[in-house]
Amino acid sequence: MILTQTTAMLVDAYRELNSKKMFWISLILSGLVVASIACVGINNKGLTILWWTISLDILNTSFLSPASFYKFVFIQFGFNFWLAWIASILALISTASIIPDLVAGGSIELSLSKPIARVRLFLTKYATALLFTGLQVGVFTLASFLVIGVRGGSWEWSIFLAIPLVLLFFSFIYCVCALLGLVTRSTIAALLLSVLFWFFLFLINISERTVLLFKLNAEDRIASAERELGNLPELISRSKDRIVTFSTPKEGETDAERLKREANKATEEAKLAGHEMRVTTRQQSLTEYKSTSDTLNKWHGMLFGIKTVFPKTSETMGLLERQLTSLNEFQKFSDAQEEREDDRRSRRRGNASGVTVETNEPSPSVARKVEEVLRSRSVFWVLGTSVMFEVLVLFICCAIFVRRDF
Amino acid sequence: MTTATADLALDLKDVDKSYAAGWFKKGVHALRGIDMHVGRGEVFGLLGPNGAGKSTLIKILMTVISPTRAQGTMLGRKIGDKSTLARVGYLPEHHRFPEYLTGRQVVEFYGAMSGVSRADRKRRAADLLDFVGMSKWADTKVRGYSKGMRQRVGIAQALVNDPELVLFDEPTDGVDPVGRRDIRQMCQTLKDRGKTVFLNSHLLSELEMICDRVAILVQGRVASQGTIDSLTTHRQRYEIEVASDDSNVNTSLRAALGPWLRADAAGSIAGQLPSGEQIDVRLDQPHAPAMVKIATADAAKVQPLLDSIRAARLTLRAVRPIRPSLEDLFMEAVTDPTTGKTLAPGAKEGA
């Protein structure tokens with residue numbers, strides 16, 4: 001009986017999705033996205049779109065192999081943009097009505113009057129919504145696998161990890177949508193509040209990353225200031241020695257030699273004053289950096305704690321990137337980009353005298369450190385805690401559904 | 001299990017349901033210890049005014065609502081047992097079928113949900129759609145159906161698991177007279193096939209035509225239950241209409257019935273037969289002829305009064321045995337005996 005009922009509900013879900021044009025629209029759009037990825041290519045001159053070539057200095061096969069290029073496009077555009085945003089929003093719109101429809105008056109009486117436990121009824125309905133996303137992602141991933149294989153010459157089986165990862169990512173949002181649908185019985189309310197929840201997760205994630213970037217930047221500056229403070233005593237001592245040397249007149253010193261010695265002494269004294277002043281300013285800066293670092297540490301700890309409790313949608317999607325690419329894979333490409341960026345920066349910072357101006361802008365090396373920190377976070381922290389959140393929400397849903405009188 | 005219980009499709013004892021008070025709502029005591037018995041193979045009617053708790057009771061039986069307290073059995077199993085529902089059919093009052101399904105798919109889907117095998121539900125869906133007169137529209141989407149057609153498909157889905165007990169909540173709601181007659185015939189056919197039919201309806205005349213037994217629910221309590229005959233026998237009476245062609249008709253009638261009368265109120269006279277049955281006399285009025293009402297179904301007990309009226313040379317216009325209708329029973333149940341006013345609709349507030 002369990003199999004008969006489950007099959008019936010899955011078939012019913014398929015019929016429902018089939019009747020909604022959104023399912024087919026999403027599938028067609030997914031196909032178009034893959035087709036557009038397939039149209040783009042890379043050669044030794046630059047980027048190709050169908051039979052046209054756009055010459056680019058930093059984006060050609062000297063920096064990036066075709067396989068890496070397609071993986072890059074798939075991750076950045078197909079996965080992080082299409083699947084994580086557009087396709088998920090379309091899926092949410094399509095499936096948001098499943099739970100409110102289940103509990104709608106006239107419909108729920110029919111479902112509950114059948115020999116099926118309430119928990120199983122609810123969870124099966126929930127699973128049918130995930131089936132929708134699974135189908136969409138499955139088709140998209142298979143097509144992308146073929147494109148990377150045929151066009152890039154690399155058969156990346158690990159790309160199929162996208163299916164469970166997107167399903168998990170979607171389920172983190174959808175469990176909240178299901179809870180809201182159950183409580184409010186309104187599709188619109190469930191949908192809008194779920195998008196709001198999603199936005200909240202996005203904000204938490206952006207905030208945590210930004211604070212992490214500034215925190216690492218502050219740590220970087222502390223290290224740099226401490227290094228500098230470590231070198232300054234030696235410079236001061238050397239200057240002092242030279243001042244002593246330049247203070248002692250040589251035997252038979254001519255006027256010209258005396259003038260030169262006194263000039264050198266004056267220069268060394270100025271240098272010494274400069275070093276001593278740098279010690280004072282660096283110590284002040286160090287105190288400031290340490291204070292900033294402490295504040296940022298506190299904020300980061302708080303944001304990290306909040307993030308631990310809630311689903312980590314961005315990191316979940318980031319797991320595929322971690323799996324598919326190494327930090328070194330795009331090294332040449334990112335080095336070239338960094339070089340251009342440094343060039344641009346130095347042009348912007350530079351002035352006529354050639355003196356550099358200190359800015360608070362984090363350096364590319366700090367950005368790389370952020371990436372390293374994000375990649376070092378354990379899969380359990382990313383998925384385990386998120387799944388725990390989902391289980392908790394589903395538990396609340398089941399408790400409400402089982403206890404409610406309809 | 002006793003033999004008596006085994007013969008019962010429904011044996012309810014002390015079914016109680018209270019809705020707790022919330023922030024913005026008062027608590028409601030919807031059912032107040034319902035005792036009800038429905039025999040196997042009978043058509044049972046549940047009557048009551050709006051808010052009496054009829055649908056709540058049915059929803060409790062179908063596990064849609066959990067009772068505050070309930071004892072008893074449905075088809076021999078404890079109330080609330082999910083597995084029993086495989087042997088029960090149910091048509092909710094305001095059902096809503098998925099609009100994207102055809103009538104056939106609706107019947108097959110709910111058949112599958114009841115655990116009916118694929119082959120059986122295919123065969124039964126075809127048979128049942130024919131039974132409810134929907135074969136022609138079986139493959140049309142529900143969104144194109146009229147209210148009556150939806151109701152017919154609803155009946156078909158309620159029967160797809162070949163249930164022993166069928167609960168119909170307002171099956172004729174929004175259905176035209178032809179549809180109502182068809183639904184009545186379907187209930188009769190189900191009874192002939194040995195099924196127990198539990199009907200909740202406002203249409204008293206229809207229930208009277210097909211129900212073996214009824215229960216009247218008022219403000220969460222069973223006001224009365226039994227066969228229509230048993231409920232009406234002690235309410236049967238005779239009415240004697242006396243012609244008013246004589247100007248002294250009232251005096252003559254009073255004199256003729258003198259031995260049985262005991263009091264004289266304004267415009268009416270009351271009395272009693274030696275066996276205790278009530279006599280009510282309405283005297284002749286400009287637009288209402290004199291009328292004697294005797295609360296008995298026994299014709300022999302009426303004869304002495306008739307003889308006496310004839311002896312007083314009054315003309316008898318009519319002598320009628322009156323059997324109260326279900327509507328009379330219903331109205332009696334929903335009327336406050338002390339004030340004579342109809343009880344307010346709805347359940348009683350407070351736990």
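Structure report, in brief. Note that the structure is predicted; figures quoted are calculated from it, not measured. (Residues numbered from 1 in each chain as written. Chains lettered and ligands numbered in written order. Predicted model: local features only at pLDDT ≥ 70, side-chain atom pairs only at ≥ 80, totals over all residues. Heavy atoms only, no water.)

## Concerning the overall build of chain B
Condition: Helix and strand definitions follow DSSP, with helices as H or I runs of at least four residues and strands as E runs of at least two, each counted in order from the N terminus. Classification of residues uses two cut-offs on accessible area relative to the type maximum, computed with a 1.4 Å probe and protein chains only: under 20% is buried, over 50% is exposed, and between them is partly exposed. The contact criterion used throughout is that any non-hydrogen atoms of two residues lie within 4.5 Å. The Shrake-Rupley method, run with a 1.4 Å probe sphere, supplies the accessible areas, and residue values consider only the shown protein chains as cover.
Within chain B, the regular secondary structure consists of 11 helices and 17 strands. Summarising its shape, the C-alpha atoms of chain B cover approximately 80 × 50 × 45 Å along the three principal directions. Out of the 351 residues in chain B, the part that is buried amounts to 50%. A sequence separation of at least 24 residues applies to 67% of the contacts in chain B between residues at least 6 apart. Accessible surface, chain B as shown: approximately 16,000 Å² in total, 50% of it carbon and sulfur.

## Some thoughts on the sheet that holds strand S2 (residues 46–49) of chain A
All names here are of chain A. The line we're drawing: In short, DSSP must find at least two bridges between two strands for them to pair. Helix axes use the C-alpha atoms of the stretch in contact, all axes being lines fitted to C-alpha atoms, and the angles between their N-to-C directions lie in the range 0 to 180 degrees.
Read from one edge to the other, the open sheet built from three strands follows the order S1-S2-S3, with strand pairing classed as antiparallel. In the strand order of this sheet, the two ends are held by strand S1 (40–42) and strand S3 (52–55), each with one partner. The sheet shows a mean angle of 25° between the axes of neighbouring strands, taken without regard to direction. Relative to S2, S1 runs antiparallel, the two sharing three bridges. Counterpart to Val40 in the pairing with S2 is Ile49. The sheet contacts of helix H2 (residues 21–39) involve S1 and S2, and relative to S1 the element is tilted by about 30°. On top of the sheet, helix H3 (residues 66–95) reaches S1 and S2; it is set at about 145° to S1, its chief contact.

## Side note on helix H6 (residues 118–152) of chain A
Threshold: Residue count minus one, scaled by 1.5 Å, sets the expected span of a helix.
An ideal rise of 1.5 Å per residue puts 51 Å on 35 residues; H6 of chain A measures up with 49 Å between its terminal C-alpha atoms. Just downstream of H6 of chain A lies Gly153 of chain A, where phi reads positive at about 75°.

## Thoughts on the sheet that holds strand S10 (residues 221–227) of chain B
All names here are of chain B. One open sheet accounts for six strands, arranged S6-S7-S8-S3-S9-S10; its pairing is mixed. Either end of the sheet is taken by a strand with one partner, and the two such strands are strand S6 (88–91) and S10. Geometrically, the sheet is characterised by an average inter-axis angle of 15° between neighbouring strands, direction not taken into account. Bridging between strand S3 (residues 43–47) and strand S8 (residues 196–200) involves four bridges; their strand directions are parallel. Within the sheet, the bridge partner assigned to Val43 lies in S8 and is Val197. In the packing of helix H5 (residues 147–159) onto the sheet, contacts are made with S6 and strand S7 (165–169), and the angle to S6 comes to roughly 165°.

## Structural notes on the interface of chain B and chain A
Spelled out, the test is: Using a 1.4 Å probe, buried area is obtained as the accessible area two parts lose upon being combined, added over both of them. When a carboxyl oxygen of Asp or Glu lies within 4 Å of a side-chain nitrogen of Lys or Arg, that pair is called a salt bridge. Contacts described as polar in this section are N or O atom pairs within 3.5 Å, which, within protein, must combine one atom able to donate a hydrogen with one able to accept it, while residues neighboring in sequence count only if both atoms come from side chains.
If you look at the interface, chain B gives 30 residues, while chain A gives 26 residues. Both sides together, the interface formed by chain B and chain A hides about 2,500 Å², and carbon and sulfur atoms give 59% of it. Contact with chain A buries surface across chain B, with Arg96, Tyr100 and Met113 of chain B losing the most and accounting together for 29% of the total. Counting the contacts that link chain B with chain A gives three salt bridges. Between Asp405 of chain A and Lys17 of chain B there is a salt bridge; the shortest N-O distance is 2.5 Å. Across the chain B-chain A interface, the total number found is 12 residue pairs in polar contact (both at pLDDT 80 or more). Looking at the side of chain B that touches chain A, the elements with two or more residues in it are strand S1 (8–19) and helix H3 (103–113) of chain B.

## Let's talk about the nonpolar core
As a reminder of what qualifies: In plain words, nonpolar cores are sets of buried Ala, Val, Leu, Ile, Met, Phe, Trp, Tyr and Cys residues tied together by side-chain atoms within 4.5 Å.
Among the nonpolar cores identified, the biggest contains 157 residues, and Phe122, Tyr174 and Phe401 of chain A together with Met36, Phe168 and Phe198 of chain B are the most heavily contacted of them. The dominant element in this core, judged by the number of residues it contributes, is helix H7 (residues 162–184) of chain A, at 14 residues. Not counting residues within four places of it along the chain, the set of residues in contact with Phe168 of chain B comprises Leu91, Ile155, Ala158, Cys187, Leu190, Val197, Phe198, Leu199 and Asn200 of chain B. The next biggest cluster of nonpolar side chains, apart from the first, holds 21 residues, and it includes Val242, Val249, Ile269 and Leu306 of chain B.

## A look at the packing of aromatic side chains
All names here are of chain A. To keep it simple, the criterion reads: For this analysis, a ring pair means two rings from Phe, Tyr or Trp (six-membered ring only for Trp) whose centres lie within 6.5 Å, classed as stacked if their planes differ by under 30 degrees, edge-to-face if by over 60, and tilted for the remaining angles.
Enumeration according to the criterion identifies 28 aromatic pairs over all chains in this entry. With 5.5 Å between their ring centres and 15° between their planes, Phe170 and Tyr174 make a pair best called stacked. Here Phe170 pairs with Tyr174, and both are found in helix H7, just four residues apart, close to one helical turn. Phe170 sits in the buried class, given a relative accessible area of 2%. When its relative accessible area of 1% is taken as the criterion, Tyr174 is described as buried. With centroids separated by 4.7 Å and ring planes inclined at 0°, the aromatic side chains of Phe304 and Trp381 adopt a geometry described as stacked. Of this pair, Phe304 sits in helix H9 (residues 255–309) while Trp381 sits in helix H13 (residues 379–403); the two residues are 77 residues apart in sequence, bridging distant segments of the chain. Residue Phe304 is classed as partly exposed on the basis of its relative accessible area of 26%. Aromatic ring contacts, followed pair by pair, group Trp85, Phe169, Trp198, Phe199 and Phe202 into a single cluster.

## A short note on the state of the cysteines
Our working definition: Disulfides are defined in this document as cysteine sulfur pairs within 2.5 Å.
For the structure shown, the criterion picks out zero disulfides over all chains. Cys187 of chain B takes part in no disulfide bond, and the closest cysteine sulfur, belonging to Cys211 of chain B, lies 8.1 Å away.

## Observations concerning the environment of Asn80 of chain A
Tracing the backbone through its elements, the reader meets Asn80 of chain A in helix H3. Measuring from C-alpha to C-alpha, the distance between Asn80 of chain A and Gly318 of chain A comes to 8.2 Å, with 238 residues separating the pair along the chain.

## Digging into the packing of H7 of chain A against helix H8 (residues 187–247) of chain A
Residue and element names in this part refer to chain A. Heads up, the rule is: Oblique is the label for any angle not covered by the other classes, which are roughly parallel (under 35 degrees), roughly antiparallel (over 145) and roughly perpendicular (65 to 115). Less than a right angle of anticlockwise turn of the near helix away from the far helix marks a crossing as left-handed, whereas a clockwise turn marks it as right-handed. Three classes are used, and their members are as follows: Ala, Val, Leu, Ile, Met, Phe, Trp, Tyr, Cys and Pro are nonpolar, Asp, Glu, Lys and Arg are charged, and the others, Gly among them, are polar.
Orientation of H7 relative to H8, taken along the N-to-C sense of each, is 140°, at an axis distance of 8 Å. Accordingly, the angle class assigned to the pair H7 and H8 is oblique. When you trace H7 past H8, the crossing you get is right-handed. The residues of H8 that touch H7, namely those facing Phe169, Phe172, Ile173, Val176, Cys177, Leu180, Gly181 and Thr184, are Ala189, Ala190, Leu193, Ser194, Phe197, Trp198 and Leu201. For the contact of H7 with H8, the residue count by class is 12 nonpolar, three polar and no charged.

## So, the pattern of salt bridges
Residues and elements named next belong to chain B. All told, the structure shown has 45 salt bridges over all chains when counted by the stated rule. The partner of Arg180 in a salt bridge is Glu206, and the shortest N-O contact between them spans 2.8 Å. With Arg180 in helix H6 (residues 177–192) and Glu206 in helix H7 (residues 204–210), the pair connects residues that are 26 residues apart, well separated along the chain. On the basis of relative accessible area, Arg180 is assigned to the partly exposed category, the value being 24%. What makes Glu206 buried here is its relative accessible area of 9%. As a salt-bridge pair, Glu277 and Lys301 come within 2.7 Å of each other at their nearest N and O atoms. Of the two residues, Glu277 sits in the loop between strand S13 (268–272) and strand S14 (278–282) while Lys301 sits in the loop between strand S15 (290–294) and helix H10 (303–311), which places them 24 residues apart along the sequence.

Fair warning: the whole summary comes from geometry, so function is off the table for now.
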